[in-house]
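Here is how the chains run, residue by residue.
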Amino acid sequence: MAIQLIGVLGAGAMGNGIAHVAATSGLDVVLVDTAQPVLDKSLATMAKNLERQVQKGTIDGAARDVALARVKASTAHDALGACDAVIEAVPEREEIKRKVYAQIIPHLKPDAILASNTSSISITRLGAASGIADRFVGMHFFNPVPMMKLVEVIRGLATSDSTVAAVEALAKRMGKTTVAAADFPGFIVNRILVPMINEAVFALHEGIGDVISIDNGMKLGAAHLMGPLTLADLVGLDVALDVMRVLHQGLGEDKYRPCPLLVNYVEAGWLGRKTGRGFYDYSTNPPTPTR
């Protein structure tokens with residue numbers, strides 16, 4: 001099927017980035033979030049990021065204005081009714097996703113695709129809960145969406161070939177490269193990446209190195225672009241913890257047990273860049289390690 005109008009459900013960092021890339025790719029977007037302040041912040045962030053692209057010369061002012069005009073924001077689920085596909089980008093909690101599917105699916109077109117941006121939860125299970133398993137698929141973008149080129153496409157047990165083909169074509173239109181991932185906890189990237197982050201937190205927790213030593217060790221010793229604790233702050237410590245819990249529960253192995261220090265940071269509300277404090281304090285320039 002040809003997709004021209006997409007819905008993005010959830011206007012947080014991921015939903016904002018997905019809407020941004022879709023709009024600059026010539027797609028029309030309905031951005032839905034039940035919280036008007038979140039929508040307002042998302043639209044302001046999108047305008048700011050598009051203006052940054054203008055300043056860098058990657059787009060011109062006319063393209064910026066056209067992209068912004070393509071995004072319509074709403075707090076009502078029925079605004080998704082005309083969409084060819086909806087990309088869900090709500091928090092990484094299965095109970096939240098199930099709840100919003102029950103709310104939005106009665107409003108969708110009979111042939112609309114529902115794609116989840118989940119980073120770790122079973123697509124087969126979510127698809128079964130949606131009631132439209134043949135039109136349900138995983139479409140996992142990476143943060144920050146405008147910069148990161150990858151989209152993992154995850155087929156559930158009942159996902160149709162036409163659904164997979166449609167979202168692969170959609171991702172390509174949005175300038176992304178796709179990889180096919182099997183429906184196992186964490187898929188490909190987070191199955192490898194998040195345990196590495198968790199191990200870095202264990203190294204910090206056990207005093208093997210401080211924040212700077214661990215980050216510099218991996219940057220200079222393993223040629224990583226950023227250290228694992230800096231990356232954790234960028235991803236969001238709450239998101240990393242949610243993925244670790246899915247891995248631990250889904251795979252049943254102790255090596256996926258979340259580090260207690262990671263749990264403590266999340267319980268303290270130190271979630272990384274988005275809260276201004278995580279393994280670094282972002283109120284200073286440069287950021288100051290918190291441990």
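Residues numbered from 1 in each chain as written. Predicted model: local features only at pLDDT ≥ 70, side-chain atom pairs only at ≥ 80, totals over all residues. Heavy atoms only, no water.

- The name an unreviewed UniProt entry gives the protein chain is 3-hydroxybutyryl-CoA dehydrogenase, with Acidiphilium iwatense as the organism.

Observations regarding the UniProt feature "domain: 3-hydroxyacyl-CoA dehydrogenase NAD binding" (unreviewed entry) in the protein chain
Then step 1. According to UniProt, the feature "domain: 3-hydroxyacyl-CoA dehydrogenase NAD binding" (unreviewed entry) maps to residues 6–183 in the numbering used here.
Then step 2. End C-alpha atoms of residues 6–183 are separated by 24 Å, and the span's content is 42% helix alongside 21% strand. (UniProt positions renumbered as here; feature names shortened; annotations may be inferred. Helix = DSSP H or I, 4+ residues; strand = E, 2+ residues; numbered from the N terminus.)

Section: the pattern of salt bridges
Then step 1. Inspection of every chain in the model, using the stated rule, returns 13 salt bridges.
Then step 2. With a shortest N-O distance of 2.5 Å, Arg64 and Glu51 are connected by a salt bridge. Here Arg64 is found in helix α3 (residues 61–70), whereas its partner Glu51 is found in helix α2 (residues 36–56), with 13 residues between them in sequence.
Then step 3. For Glu51, a relative accessible area of 27% corresponds to the partly exposed category.
Then step 4. Where Arg93 meets Asp242, a salt bridge forms, and the shortest distance between an N and an O atom there is 3.0 Å. Of the two residues, Arg93 sits in the loop between β4 (85–88) and α4 (94–104) while Asp242 sits in helix α10 (residues 237–251), which places them 149 residues apart along the sequence.
Then step 5. Judged by relative accessible area, Arg93 falls into the partly exposed class, the value being 36%.
Then step 6. Residue class for Asp242 comes out buried when judged on its relative accessible area of 10%.
Then step 7. Because the salt bridges share partners, they merge into one network encompassing Glu51, Arg64 and Asp65. (Salt bridge = Lys/Arg side-chain N within 4 Å of Asp/Glu carboxyl O. Buried < 20%, exposed > 50% of the residue type's maximum accessible area, 1.4 Å probe, protein only.)

Some thoughts on the side chain of His140
Then step 1. With respect to the secondary-structure elements, His140 resides in strand β6 (residues 136–141).
Then step 2. What His140 contacts, discounting residues up to four positions off in sequence, is Ser116, Asn117, Thr118, Ser119, Leu150, Val151, Glu152, Ile154 and Asn190. (Contact = heavy atoms within 4.5 Å.)

Re the side chain of Asn190
Then step 1. Along the chain, Asn190 falls in helix α7 (residues 189–205).
Then step 2. Beyond its immediate stretch of four places on either side in the chain, Asn190 contacts Ser119, His140, Pro195, Val243 and Leu247.

Side note on the packing of helix α8 (residues 211–222) against helix α9 (residues 228–235)
Then step 1. With their axes 7 Å apart at the nearest point, α8 and α9 run at an angle of 100° to one another. The orientation of α8 relative to α9 falls into the category roughly perpendicular. On α9, the residues that touch Val211, Ile214, Asp215 and Met218 of α8 are Pro228, Leu229 and Thr230.
Then step 2. Residues belonging to the contact of α8 with α9 are distributed by class as follows: 5 nonpolar, 1 polar and 1 charged. (Axes fitted to C-alpha atoms, helices over the stretch in contact; angles between N-to-C directions. Parallel < 35°, antiparallel > 145°, perpendicular 65-115°, else oblique. Nonpolar A, V, L, I, M, F, W, Y, C, P; charged D, E, K, R; others polar.)

Here's the deal with the pairing of strand β7 (residues 150–154)
Then step 1. Across the 5 residues that make up β7, a large majority, 4, are buried.
Then step 2. Pairing of β7 with strand β8 (residues 177–181) involves 5 bridges; the strand directions are parallel. Considered in β8, the bridge of Glu152 is made with Val179.
Then step 3. In this view, the connection linking β7 to its parallel neighbour β8 by way of helix α6 (residues 161–173) has right-handed handedness. (Pairing = 2+ DSSP bridges. Right-handed = clockwise from strand over helix to strand, strands pointing away.)

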